[in-house]
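Breakdown of the fold
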Amino acid sequence: MKPLRVVLLALNSPGYRSLGCAYVRAYAQHDRHLSGLVAFQTLDLDAGTDPWWVAYRVLQLEPDVIGASFTCWSARDMHEALRVVRAASPSTFVVAGGPEVSPVAVTALERHAHLDSRGAGRRGDHVRGRLARARRCGTA
Amino acid sequence: MLPFARVEVGMPSRRRCRLCDPAAPSFVWRSPADLAAELREIVAEWTAPVGPSVMLAGAEPFLHPELPTIVASARNEGFERIGIETDGVALDVEQNVRGSLGAGVRHVRVTLFGVGPVGDRLAGRSGACDASLAGIRRFVRAADAAGMPVAVAAVVPVCRHNADQAHLVVAAAAQAGAGHVRLEAAGDPIAGIEAVLAAACDTGTVNRVWVEVAGLEVPESHAVHRVREGGGA
């Protein structure tokens, strides 16, 4: 059986990488329940990157699940990129995380049709890992 | 995935280096009315969930005397994304850059055959490569200053004359500000260039420019760089 493909996406200040995405990936890769079931790919792109470009890069990876990190400097472009991704690939499950959505999670999910779920807690790490596992088992 | 309709504004559509295709091109342009009709038809028949998007290509679009009219037609027809495939030389003219951005062009694909004297020889003109890179640089800078997100790709038609330069082209394109380099097969298959292509991909990673490879073999370790079916920016 093919592993679930999860793309962790962040738009960072140029030259930086997302610590949040790195945590999520590290936790998930140490989770023995996910071993062999989930393949992670992290896309650390620069803030200011054309959202179309971001969507293109994500779609090239053909993810089943996207974990998107929302920060104040990236939220608008991230929403636009995910809108394009959702239009092109409606079956891709999108999980939002990061400081820009966690405190307003319900509102964010209501407002944005391209978001399916959101992570919470300490960078949403456990939640997103478990979500991937749940999706893999067909329970979410 | 994210498809573009390719509309050729004129002939010939040169994507081969001068050593592969030595004949000097003589351009034949399509009329704006003819192109507008094609653009209208594309919009009417567009079924992809994203778009419509169009890439104006063929003979160098910036040499078409009616390019502003053609871009305006595309915009009026409701294209979401308008791109131009160019050799990039015309982008080193401020007026062209401002005009393109102002007209709604957000995507450019610049053909690069190589760098330095070798690249110039393949492009068929002295100084061509530097001019193309300068065009990328100016376009990116102008878009940045205007706060307009743009996608700039360098397209390298890879043949036996420039395969060993692939990593150099990637580095030069990255330095000029391209966000993406596409290495695509041009001409006969070339054996034994996997390592060079892998180096080109790695050069892109180091320089924060994504490299994708179309129609050429890359090692399994670099499979993520292969263009998937229906892909290509």
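Attention here is on the structure that accompanies the text. (Residues numbered from 1 in each chain as written. Chains lettered and ligands numbered in written order. Predicted model: local features only at pLDDT ≥ 70, side-chain atom pairs only at ≥ 80, totals over all residues. Heavy atoms only, no water.)

**Observations concerning the sheet that holds strand β7 (residues 151–158) of chain B**
Residues and elements named next belong to chain B.
- If you walk across this open sheet you meet the 7 strands as β1-β4-β5-β6-β7-β8-β9, and the pairing is parallel. Both outer strands of the open sheet, β1 (5–8) and β9 (210–214), are each paired with one neighbouring strand and no more. Between one strand and the next, the sheet's axes are offset by a mean angle of 20 degrees, whatever the strand orientation.
- Across 6 bridges, the pairing between β7 and strand β8 (residues 180–185) is parallel. By the bridge assignment, Ala-154 is partnered in β8 with Val-181.
- On the sheet, helix α1 (residues 32–45) packs against β1 and β4 (53–57) and is oriented at approximately 170 degrees with respect to β1.
- Contacts from helix α6 (residues 166–176) reach β7, β8 and β9, with the element oriented near 155 degrees to β8. (Pairing = 2+ DSSP bridges. Helix = DSSP H or I, 4+ residues; strand = E, 2+ residues; numbered from the N terminus. Axes fitted to C-alpha atoms, helices over the stretch in contact; angles between N-to-C directions. Contact = heavy atoms within 4.5 Å.)

**Some points on the packing of aromatic side chains**
- Evaluated as defined, the whole model comprises 6 aromatic pairs over all chains.
- For the pair Trp-52 of chain A and Trp-53 of chain A, a centre-to-centre distance of 6.1 Å together with 25 degrees between the ring planes defines the contact as stacked. This pair shows no difference in class: Trp-52 of chain A is buried, exactly as Trp-53 of chain A is.
- Taken together, the ring pairs connect Trp-52, Trp-53 and Tyr-56 of chain A together with Phe-4 of chain B into an aromatic cluster.
- If you follow Arg-57 of chain A out to its NZ or CZ, it ends over the ring of Trp-210 of chain B, 3.9 Å from the centre. (Phe/Tyr/Trp six-rings, centres within 6.5 Å; stacked < 30°, edge-to-face > 60°. Buried < 20%, exposed > 50% of the residue type's maximum accessible area, 1.4 Å probe, protein only. Lys NZ or Arg CZ within 6 Å of the ring centre and 35° of its normal.)

**Let's talk about the interface of chain A and chain B**
- Between chain A and chain B, the residue contacts involve 21 residues of the former and 26 residues of the latter.
- In this assembly, chain A and chain B are joined by 3 salt bridges.
- Arg-81 of chain B serves as the salt-bridge partner of Asp-50 of chain A, at 2.3 Å between the closest nitrogen and oxygen.
- Counting residues per element, the ones that place at least two in the side of chain A that touches chain B are β2 (38–46), α2 (51–60) and α3 (75–88) of chain A.
- If you tally residues by element for the side of chain A that touches chain B, the top one is α2 of chain A, at 8 residues.
- In terms of residue class, the side of chain A that touches chain B is made up of 11 nonpolar, 4 polar and 6 charged. (Salt bridge = Lys/Arg side-chain N within 4 Å of Asp/Glu carboxyl O. Nonpolar A, V, L, I, M, F, W, Y, C, P; charged D, E, K, R; others polar.)

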